[in-house]
Amino acid sequence: MAPSRPDPASTSAAHLVLTVGDGERLRRWSAAASGTVVDLLTLPGREAPVEADRSGTVTVLAESAKALRAASPLLALVQGAARSYVVAVAGRAAPELLQLPRHHVRGAAVVRAETRTLGKDASLRREVTVLLTSPVKVRDLVAVVLGGGIAPGGPPLGGLRVGVAGTDDGLLPWACGDPGATHLGAAPDDEAAVPSPDVDVVVTDGPLPLRMPAAVRVQGRAARPSWDDLLGLGRSQLEAWLADLDGASLLPPVDIRVLNPTGFRVDADGGVGEVVRTGPGRTVVTRGDRGPVRVDERVGLDERVVAAVRGLRLVTDAPAAHRGPVEHAAFLVDAAAAGLPVVTAEPPDLSTRALVGPQLAAVLRSTTAAGDLEDPLERELYCTALTRTALQQHGPRARWSGLTTRHGLLAPPRVSVVVATKRPHQLPAIRRQLAGQDWPDVEVVLGLHGFDRDHPEVVRFEQAFTGDLAVVPVGAERMFGEVLDELSARATGHYIAKMDDDDFYGVHHLTDLVHAAEHSGADLVGCGAEFVYLEEVDVTVRRQRAQGYRFVGQVPGAALMLAAETLRSVGGWRPVAHGLDTALARSVVSAGGSVYRTHGVGFVVFRGAQGHTWDPGVDYFLKGHEQHSGFAPPRGVLGAPPARTRPGTPADADT
């Protein structure tokens, strides 16, 4: 969108309307607004400043939450402050995407804050209204509503505060949707320019500031050729373009707060959709008789499209549905991060494969036929692999660690796994589960509940385990909650994950928990306990299959994770013998935190034949649930089938 002709004087009005997007309903809303309307994307090119009036109202209208998040760095260019705000996005944005300020915004007390959904169908929008005791800047208020950045409790996505320097709006997505990112104005004229001290990394389309080692020059929209452009190149030019192709400088990081698997539908039965191009600047996803949903060509895939196609069993895609290879690759990456069941109708071309990276290209090639996704479990495993790979390769943390020299800030967070056991004979199984995890930085804190470190099984464990390990003997008289509290106090990781000594975990278990914590922003995350192996009858059941990928009240104690600081802030583990997961979840929720449950296809609960403090009987687990003979875990779960306990032998399991 070309910048509009700048006004001769500053733009200031009692009612300032800021818009982002070019959809038809947004044009209707802005035309009906009483006040001065300014397109956010024109701000970098304006000669005259835009200013909020402290006695008036600022209304922010966006085509989607993703569009507003992408454009939020531009709000730093709006001068002045206001007490009264309205923030609205088209569609029915999820509650976590538009949050109400709780008490204060930059020292100004909240007098009134409410959210509502207005209109229906094509006129539907989600609106947040806020009134404050004193004026605050527009960027500060919007950051709080978007729930990140400079908002309380919101760390920067990817671990770095991003600054954008330049007038090309193609630079904006590089801020990762972080509302704490800021626009620094035009790109510097020379390499000696001094960037703002308020940012960690500068993204620019101009010279790299010499005084800012964490600076990245990215290629803007001009470097995104169409298929026709590529066809018009000579062979040598095309080969040169392919040789210089660098996905790291063409595809921005995924905005993981918007594009993630939250809301994934396990038993989707809405048929097959198709990504098609219906005209210049118009790519849509068909949905059978429900009509197509349009993909915003400037913003790309957003939460409105994702929500509209969640019910489809699969979505077929082809290069011809997109303007060129860069846009095609961006769509595939975004769809993968959102967990959409996208199947490529034909293998991605060489340029698209180079842009998405070999790992994601391999996952996409693993399923090429619609029939491959007929089975709901196979469909879920495929979508889970897409999401995991997209977040690993194209998430903010991964992207910045590959583009900047600030590796010290961007090392993967350490996960400390606390495991307590009363059963020395379980140590070999515990070691196999822990050694098989693929998260790159794991520390194990092993609690010996009632036996000593010189036990032969402990000695063998320490000799065979090659990772970081702390072994902590704890007296048998200590309650389980006390044991976990002591183990957690010894942990050095950013996150603390709890695992049990007899359950089975997928190789990606810790990786998926970290991803869930990052994309959900939840204080406590965990897997769903969907798969249960019943030793007494040698049967594996699957239950609660539609309860994952959402915010919940609690998660299983054997597969949970939270930040060490969060655990300390809620008083640690409760000093009780049982019900620790419930107690911890209640502590988090009562402190104003949130709990998120990710998928359940990487975790199998072992239900021994005997020795349970809570025993409703085996029929409780069998009745009405999907059953498989023997030990039948989902693909990727570690461990061999367990040796069945002899009748009459107690399982001796309180951990």
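Residues numbered from 1 in each chain as written. Predicted model: local features only at pLDDT ≥ 70, side-chain atom pairs only at ≥ 80, totals over all residues. Heavy atoms only, no water.

Trainee: Before we move on, can you summarise the pattern of salt bridges with the specific residues and values?
Mentor: Oppositely charged side chains are able to pair whenever their charged atoms sit close together. Tallied over the full model, the rule gives 27 salt bridges. For Lys-66, the salt bridge identified is with Asp-334, shortest N-O distance 3.3 Å. With a gap of 268 residues between them, Lys-66 in helix H2 (residues 65-71) and Asp-334 in helix H8 (residues 325-337) connect regions that are remote in the sequence. The exposure classification of Lys-66 matches that of Asp-334, with both residues buried. (Salt bridge = Lys/Arg side-chain N within 4 Å of Asp/Glu carboxyl O. Helix = DSSP H or I, 4+ residues; strand = E, 2+ residues; numbered from the N terminus. Buried < 20%, exposed > 50% of the residue type's maximum accessible area, 1.4 Å probe, protein only.)

Trainee: A description of the packing of helix H14 (residues 427-435) against helix H15 (residues 456-464) should follow, citing residues and the corresponding values.
Mentor: For the pair H14 and H15, interaxial distance at closest approach is 9 Å and the crossing angle is 20°. Classed by the angle they form, the pair H14 and H15 counts as roughly parallel. In this structure, H14 crosses over H15, and the sense of that crossing is right-handed. Facing H14, whose interface residues are Leu-427, Pro-428, Ile-430, Arg-431 and Leu-434, H15 presents Glu-457, Val-458, Phe-461 and Ala-464. Split by residue class, the contact of H14 with H15 holds seven nonpolar, no polar and two charged. (Axes fitted to C-alpha atoms, helices over the stretch in contact; angles between N-to-C directions. Parallel < 35°, antiparallel > 145°, perpendicular 65-115°, else oblique. Left-handed = near helix turned anticlockwise from the far one by under 90°. Contact = heavy atoms within 4.5 Å. Nonpolar A, V, L, I, M, F, W, Y, C, P; charged D, E, K, R; others polar.)

Trainee: Give a description of the sheet that holds strand S30 (residues 626-629) that names residues and reports values.
Mentor: Note: strands within a sheet are paired through backbone hydrogen bonds, in either parallel or antiparallel orientation. On the basis of which strands lie adjacent, the open sheet formed by five strands has the order S22-S29-S24-S25-S30 and mixed pairing. Both edges of this open sheet fall to strand S22 (504-505) and S30, since each of them pairs with a single strand only. In this structure, S22 lies alongside strand S29 (residues 603-607), joined through two bridges in antiparallel fashion. Each residue of the ladder has a partner; that of Phe-504, found in S29, is Val-604. (Pairing = 2+ DSSP bridges.)

Trainee: Describe in detail the environment of Thr-384, supporting the description with residues and values.
Mentor: One can find Thr-384 in helix H11 (residues 376-394). Spatially, the C-alpha atom of Thr-384 lies 6.4 Å from that of Gly-339, the residues being 45 residues apart in sequence. Apart from the residues within four sequence positions on either side, Thr-384 is in contact with Asp-512, Tyr-549, His-599 and Val-601.

Trainee: Describe the sheet that holds strand S14 (residues 282-285), and please don't skip the residues or the numbers.
Mentor: One open sheet holds the five strands; their spatial order is S15-S14-S13-S16-S17, and the pairing between them is mixed. Of all strands in the sheet, those with a lone pairing partner are strand S15 (293-295) and strand S17 (342-344), marking the two edges. In this sheet, adjacent strand axes meet at a mean angle of 35° when their direction is disregarded. With three bridges connecting them, strand S13 (residues 272-279) and strand S16 (residues 314-317) associate as parallel partners. Each residue of the ladder has a partner; that of Gly-273, found in S16, is Val-315.

Trainee: Let's hear about helix H17 (residues 509-520): which residues, and what values?
Mentor: For H17, with 12 residues, the first-to-last C-alpha span of 16 Å sits near the 16 Å given by 1.5 Å per residue. A large share of H17 lies buried, amounting to 11 of its 12 residues. Along H17, the residues classified as buried are His-509, Leu-510, Thr-511, Asp-512, Leu-513, Val-514, His-515, Ala-516, Ala-517, His-519 and Ser-520. Gly-521 occupies a position one or two residues after H17 and carries a positive phi of about 70°. (Expected span 1.5 Å × (residues − 1).)

Trainee: A description of the confidence of the model for the chain should follow, citing residues and the corresponding values.
Mentor: With 88% of its residues at a pLDDT of at least 70, the chain reaches an overall mean of 85. Throughout residues 1-10 the model reports pLDDT below 50, and contacts reaching past four residues in sequence, or to other chains, amount to 15 contacts. Here residues 646-655 is a poorly scored stretch, pLDDT under 50, and it has 22 contacts once near neighbours within four places are set aside; other chains count. (pLDDT = per-residue confidence, 0-100.)

Trainee: Please provide a residue-by-residue account of the packing of aromatic side chains, values included.
Mentor: Here the structure, examined in full by the defined rule, presents seven aromatic pairs. A ring pair is formed by Tyr-533 and Phe-631, whose centres lie 5.5 Å apart and whose planes are at 90°; its orientation type is edge-to-face. A residue pair is termed long-range when its members are at least 10 positions apart, and Tyr-533 in strand S24 (residues 531-534) and Phe-631 in the segment after S30 qualify at 98 residues. Judged by relative accessible area, Phe-631 falls into the buried class, the value being 15%. Linked through ring pairs, Phe-504, Tyr-533, Phe-606 and Phe-631 together constitute an aromatic cluster. For the cation-ring pair, Arg-125 lies above Trp-29, with the distance from its terminal atom to the ring centre recorded as 4.9 Å. (Phe/Tyr/Trp six-rings, centres within 6.5 Å; stacked < 30°, edge-to-face > 60°. Lys NZ or Arg CZ within 6 Å of the ring centre and 35° of its normal.)

Trainee: I'd love a proper account of H15, names of residues and values included.
Mentor: Listed as buried for H15 are Glu-457, Val-458 and Phe-461. Down the axis of H15, the buried side of the element spans an arc of 100°, and every buried residue falls inside it. Of the surrounding secondary structure, the elements contacted by the buried residues of H15 are H14, strand S19 (442-449) and strand S20 (468-474). (Arc of directions from axis to C-beta.)

Trainee: Would you mind going over the side chain of Arg-25 in detail, with residue names and values included?
Mentor: Within the secondary structure layout, Arg-25 lies in helix H1 (residues 24-32). Apart from residues lying up to four places away in sequence, Arg-25 is in contact with Glu-63, Ala-90, Gly-91, Asp-121, Ala-122, Ser-123, Leu-124 and Arg-304.

Trainee: Give me the lowdown on the side chain of Thr-182, citing residues and values where you can.
Mentor: With respect to the helices and strands, the residue Thr-182 is situated in strand S10 (residues 182-183). On the basis of relative accessibility, which here comes to 11%, the residue Thr-182 falls in the buried class. Discounting chain neighbours no more than four positions away, the residues touching Thr-182 are Pro-73, Ala-76, Arg-139, Val-162, Gly-163, Val-164 and Val-199.

Trainee: Kindly report on the nonpolar core, identifying the contributing residues and their values.
Mentor: If you look at the biggest cluster of nonpolar residues, it comprises 97 residues, and the most contacted ones within it are Val-415, Val-417, Leu-434 and Met-561. Sort the elements by how many residues they give to this core and H8 lands first, with nine residues. If sequence neighbours within four positions are ignored, Met-561 has contacts with Val-415, Tyr-495, Ile-496, Ala-497, Leu-513, Val-514, Ala-517, Asp-523, Leu-524 and Val-525. Among the nonpolar cores identified, the runner-up in size contains 39 residues, and Leu-18, Leu-75, Val-110 and Val-145 belong to it. (Core = buried A, V, L, I, M, F, W, Y, C linked by side-chain atoms within 4.5 Å.)

Trainee: Go over the packing of H11 against H17 with me, naming the residues and quoting the values.
Mentor: For the pair H11 and H17, the least separation of the axes is 11 Å and the interaxial angle reads 70°. Relative to H17, the element H11 lies roughly perpendicular. Two secondary-structure elements touch here, H11 through Thr-384, Arg-388, Leu-391 and Gln-392 and H17 through Thr-511, Asp-512, His-515 and His-519. A class-by-class count of the residues in the contact of H11 with H17 yields one nonpolar, five polar and two charged.

Trainee: Give me unusual backbone geometry: which residues, what numbers.
Mentor: For Arg-106, which is not glycine, the phi dihedral falls at a positive 50°. Considering the arrangement of structural elements, one finds Arg-106 in the loop between strand S6 (104-105) and strand S7 (108-118). Among the residues examined, Arg-106 registers a relative accessible area of 59% and is labelled exposed. Phi at Tyr-549 is positive, roughly 60°, even though this residue is not glycine. When you line up the elements, Tyr-549 lands in the loop between strand S25 (539-542) and strand S26 (550-552). Relative accessible area serves as the criterion here: at 5%, Tyr-549 is assigned to the buried category.

Trainee: Describe the pairing of S13, naming the residues involved and giving the relevant values.
Mentor: As defined by bridge partners, S13 adjoins S14 across four bridges and the pair is classed as antiparallel. Opposite Val-275, over in S14, you have Val-285 as the bridge partner. Linkage of S13 to S14, two consecutive antiparallel strands, is achieved through a turn of two residues, within which Gly-281 is found at a positive phi near 70°.

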